[in-house]
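Working through the structure, step by step
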Amino acid sequence: MGASEPDLYRDTWVRYLGYANEVGESFRPLVPVPVVWASYGVATAYVTADAIDKGRRAATVSVTPPAPLTAPSPHPDPCCSCQAHAQDPAQATRVGVAVVDTFIWQSLASVAIPGFTINRLCAASLVLLGTLTRWPLPLRRWATTALGLATIPVIITPIDRTVDFLMDSSLRKLYGTSGEPPAPH
């Protein structure tokens, strides 16, 4: 994909699927627990799809033209080509780094940390509303859900930057890249 072409998983409406579990956590007081777990399934599918996409993008980046690793195959069938399975080690490393970095970054920044944050915020607010008000339980549950939903846009950027810092300070030092997850163009 060219640099001018939008990234399906980061520049389009598909990005919002990564926030499904935060919405699920916000609605936890109102919906059955399996619905909340399903929202984690949607978010995890998004994370996995983005990691696979970044791996495919890294696989299409050509740093240097690959040199033939073997002689042409004596087999006329291209499926049996010896070169079909030959792989550039640098390319394999790029793909692995792109997939692992994206998967870990997205898992932390889109699923684990925000899900935990919204879960604890909603649980605490439900308890506090029960202690501090005489509101009926359904109203407290809706207020908790509204607070959880309103919190999502507020926590996104700080969590993203924190995960960038944590990964730049640890895992990314192992493979020598920093900043956003690798997104070769």
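As named in an unreviewed UniProt entry, the chain is Mitochondrial fission process protein 1, taken from Probosciger aterrimus. The Sequence similarities (unreviewed entry) comment attached to the chain in UniProt states, word for word, "Belongs to the MTFP1 family."

The next subject is the overall build of the chain. Across its full length, the chain holds five helices and zero strands. What you see in the chain, going N to C, is helices and strands ordered as α-α-α-α-α. Buried positions account for 32% of the 185 residues belonging to the chain. At a minimum sequence separation of 6, the contacts of the chain that also span at least 24 residues come to 71%. Counting only carbon and sulfur atoms, one obtains 70% of the accessible surface of the chain, whose full area is about 10900 Å².

On to the packing of helix 2 (residues 33-60) against helix 3 (residues 89-132). Contact geometry for helix 2 and helix 3: axes closest at 8 Å, N-to-C directions at 160 degrees. Comparing their axes, helix 3 and helix 2 come out roughly antiparallel. In this structure, the crossing between helix 2 and helix 3 has a hand that is right-handed. Facing Tyr-40, Ala-43, Tyr-46, Val-47, Thr-48, Asp-50, Ala-51, Lys-54, Gly-55, Ala-58 and Ala-59 of helix 2, the residues of helix 3 in contact are Gln-91, Arg-94, Val-95, Ala-98, Val-99, Thr-102, Phe-103, Gln-106, Ser-107, Ser-110, Val-111 and Gly-115.

In this structure, Tyr-19, Trp-105, Ala-109, Ile-118, Cys-122, Ile-152, Ile-155, Ile-156, Ile-159, Val-163 and Met-167 together form the largest nonpolar core, which totals 11 residues. Secondary-structure elements contributing two or more residues to this core are helix 3 and helix 4 (137-169). For this core, the element with the most residues is helix 4, which contributes six residues. Excluding residues within four positions of it along the chain, Met-167 makes contact with Asp-101, Ile-104, Trp-105, Arg-172, Lys-173 and Tyr-175.

The interhelical angle for the contact between helix 3 and helix 4, taken along N-to-C directions, is 145 degrees, at an axis separation of 8 Å. The chirality of how helix 3 crosses helix 4 is right-handed. Taken together, the residues of the contact of helix 3 with helix 4 break down into 18 nonpolar, six polar and five charged.

Attention now moves to the pattern of salt bridges. Scanning the entire structure with this criterion turns up 11 salt bridges. Across the salt bridge formed by Asp-50 and Arg-10, the nearest N and O atoms sit 3.2 Å from each other. You can see Asp-50 sitting in helix 2 and its partner Arg-10 sitting in the segment before helix 1 (20-26), a full 40 residues away along the chain. Here Asp-168 and Arg-172 are joined by a salt bridge, their closest N and O atoms 3.0 Å apart. Here the salt bridges share partners, and the residues they tie into one network are Asp-7, Arg-10, Asp-50, Asp-53, Lys-54 and Arg-57.

The rules we used
- Each chain carries its own residue numbering, running from 1 in the direction its sequence is written.
- Only residues with pLDDT of at least 70 get local features here, since the model is predicted, and only at 80 or more are side-chain atom pairs given and counted; chain-wide, interface and lining totals rely on the full set of residues.
- Side-chain measures here rest on the full set of heavy atoms in the structure, leaving out hydrogens and waters.
- UniProt positions are given in the numbering used here, feature names are shortened, and annotations may be inferred rather than shown by experiment.
- Going along the chain from the N terminus, every DSSP run of H or I of four or more residues is numbered as a helix, and every run of E of two or more is numbered as a strand.
- Burial status follows relative accessibility: with a 1.4 Å probe on protein chains alone, a residue under 20% of its type maximum counts as buried, one over 50% as exposed, and anything between as partly exposed.
- What makes two residues a contact is simply this: any of their non-hydrogen atoms within 4.5 Å.
- Method for areas: the Shrake-Rupley scheme with a 1.4 Å probe, in which residue coverage is limited to the protein chains shown.
- Here, axes are lines fitted to C-alpha atoms. For helices the fit covers the stretch in contact, and angles between N-to-C directions go from 0 to 180 degrees.
- Orientation categories follow fixed angle ranges, with anything under 35 degrees roughly parallel, anything over 145 roughly antiparallel, 65 to 115 roughly perpendicular, and all other angles oblique.
- Two helices cross in a left-handed way if the nearer one is turned anticlockwise from the farther one by less than a right angle. They cross in a right-handed way if the turn is clockwise.
- The term nonpolar core refers to a set of buried residues drawn from Ala, Val, Leu, Ile, Met, Phe, Trp, Tyr and Cys, joined through side-chain atoms within 4.5 Å.
- Side-chain classes follow a simple rule in which Ala, Val, Leu, Ile, Met, Phe, Trp, Tyr, Cys and Pro form the nonpolar group, Asp, Glu, Lys and Arg form the charged group, and the remainder, Gly included, forms the polar group.
- Salt bridges are identified by distance alone: a Lys or Arg side-chain nitrogen within 4 Å of an Asp or Glu carboxyl oxygen.

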